[in-house]
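Topology and contacts: notes
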Amino acid sequence: SQKIEQNSEALNIQEGKTATLTCNYTNYSPAYLQWYRQDPGRGPVFLLLIRENEKEKRKERLKVTFDTTLKQSLFHITASQPADSATYLCALDGDQTGANNLFFGTGTRLTVIP
Amino acid sequence: EADIYQTPRYLVIGTGKKITLECSQTMGHDKMYWYQQDPGMELHLIHYSYGVNSTEKGDLSSESTVSRIRTEHFPLTLESARPSHTSQYLCASSESPLETQYFGPGTRLLVL
């Protein structure tokens, strides 16, 4: 199955700056990769999906890139706000059994400081 | 807001008790999932279903069982709860495999 690594467990940035989170995978390239946000005690909420043939995807202040050569996705939040503070998870299909289930990384906890 | 519900939200129970965690979705999704998540850890898939009468075990071994008699309902049962079952259990659904998953709010289980 896939091994997924997300950079640092915690990331603190100043309000207004751009937060950049990293997701690396080690095995075969997924058909697509997803990013979710999870607040404490809540279920994850879907943010963005990027397919293997797409280099970049945007949604409002969010941007995701996908580099299948580097086996890496970057997730950017521009003009960050304290309300963006949460844990961000990347997820991708992790096996070739045909079950097509998602595997989730451990997440990066982002804190935006006012 | 996703239309997927879990009850109870919190459950404290003694060792040896039988419990059922409920999960319902009103989106008509065929695929449903149960994940287990400990604090600060990743989500681990414990069960999934492709549709009615379909149930499969996930990548994390679990003593729980599931059933899928109706499309909208995917309950998880523990016949005899133990302290090692203490965790957060998250239910999710998706329209098709690998597509966006919609999560419920979770059930936080504490077994004493």
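Data block above holds the structure.
Let us look at the structure shown here.

Parameters and conventions
Residues numbered from 1 in each chain as written. Chains lettered and ligands numbered in written order. Predicted model: local features only at pLDDT ≥ 70, side-chain atom pairs only at ≥ 80, totals over all residues. Heavy atoms only, no water. Phe/Tyr/Trp six-rings, centres within 6.5 Å; stacked < 30°, edge-to-face > 60°. Helix = DSSP H or I, 4+ residues; strand = E, 2+ residues; numbered from the N terminus. Buried < 20%, exposed > 50% of the residue type's maximum accessible area, 1.4 Å probe, protein only. Lys NZ or Arg CZ within 6 Å of the ring centre and 35° of its normal. Disulfide = S-S within 2.5 Å. Contact = heavy atoms within 4.5 Å. Buried area = accessible area lost by both parts, 1.4 Å probe. Salt bridge = Lys/Arg side-chain N within 4 Å of Asp/Glu carboxyl O. Polar contact = N/O pair within 3.5 Å; in protein donor to acceptor, adjacent residues only side chain to side chain. Nonpolar A, V, L, I, M, F, W, Y, C, P; charged D, E, K, R; others polar. Patch = residues over 30% accessible without salt bridge, like charges linked within 9 Å, V, L, I, M, F, W, Y side chains within 5 Å. Areas by Shrake-Rupley, 256 points an atom, 1.4 Å probe, with all protein chains shown as cover. Core = buried A, V, L, I, M, F, W, Y, C linked by side-chain atoms within 4.5 Å.

**Examining the packing of aromatic side chains**
Given two aromatic rings, one states the distance between the centres and the angle between the planes to describe the pair. According to the stated counting rule, one finds 11 aromatic pairs over all chains in the structure shown. Ring geometry for Phe75(A) against Tyr88(A): centres 5.4 Å apart, planes inclined by 35 degrees, an arrangement best described as tilted. In this pair, Phe75(A) is assigned in strand S8 (residues 72-77) and Tyr88(A) in strand S9 (residues 86-93), connecting sequence segments 13 residues apart. Taken individually, Phe75(A) and Tyr88(A) each receive the classification buried, so the pair is uniform in this respect. Of the aromatic side chains, those joined through ring pairs into one cluster are Tyr36(A), Phe46(A), Phe104(A), Tyr33(B), Tyr35(B) and Phe103(B). Taking NZ or CZ as reference, Arg51(A) lies 5.1 Å from the ring centre of Tyr32(A), over its face. Its end group placed over the ring of Phe74(B), Arg68(B) keeps NZ or CZ at 5.8 Å from the ring centre.

**A short note on the state of the cysteines**
Residue and element names in this part refer to chain A. Evaluated as defined, the whole model comprises two disulfides over all chains. Across a sulfur-sulfur distance of 2.0 Å, Cys23 and Cys90 are joined as a disulfide pair. Between Cys23 and Cys90, the S-S torsion sits near 60 degrees, and that sign places the bridge as right-handed. You can see Cys23 sitting in strand S3 (residues 19-25) and its partner Cys90 sitting in strand S9, a full 67 residues away along the chain. Of the two residues examined, Cys23 and Cys90, each falls in the buried class.

**Observations concerning the interface of chain B and chain A**
Think of interface size as the accessible area that goes away when the parts come together; that is how it is often given. On the side of chain A, 23 residues touch chain B, which itself brings 22 residues to the contact. Interface area for chain B against chain A, summed over the two sides, is near 1800 Å², with a carbon-plus-sulfur share of 52%. Between the two partners, chain B and chain A, sit zero salt bridges. At the boundary of chain B and chain A, one finds three residue pairs in polar contact (both at pLDDT 80 or more). Elements that contribute at least two residues to the side of chain B that touches chain A include exactly strand S4 (31-37), strand S5 (44-49) and strand S9 (87-94) of chain B. Per-element tally for the side of chain B that touches chain A: the top contributor is S4(B), with four residues. Taken together, the residues of the side of chain B that touches chain A break down into 11 nonpolar, five polar and six charged.

**What to know about a nonpolar patch on the surface**
A contiguous nonpolar patch, built from Val12(B), Leu110(B) and Leu112(B) and spanning about 290 Å² of accessible area, is present on the exposed surface. Position of Val12(B) among the secondary structure elements: in strand S2 (residues 10-13).

**A word on the nonpolar core**
The biggest cluster of nonpolar side chains holds 24 residues, and the ones touching the most others in it are Leu21(A), Leu33(A), Trp35(A), Phe75(A), Ile77(A), Tyr88(A) and Leu110(A). In contact with Leu33(A), not counting residues within four places along its chain, are Cys23(A), Leu48(A), Leu49(A), Ile50(A), Phe66(A), Ser73(A), Cys90(A), Ala91(A) and Leu92(A). The next biggest cluster of nonpolar side chains, apart from the first, holds 17 residues, and it includes Cys23(B), Trp34(B), Ile46(B) and Val111(B).

**Quick notes on the side chain of His76(A)**
Residue and element names in this part refer to chain A. Counting through the fold element by element, His76 comes out in strand S8. A relative accessible area of 14% means that His76 is categorised as buried. For His76, the side chain forms a polar contact with the side chain of Thr20, separated by 3.0 Å. Contacts of His76, omitting those with residues within four sequence positions, involve Thr18, Ala19, Thr20, Arg61, Leu62 and Lys63.

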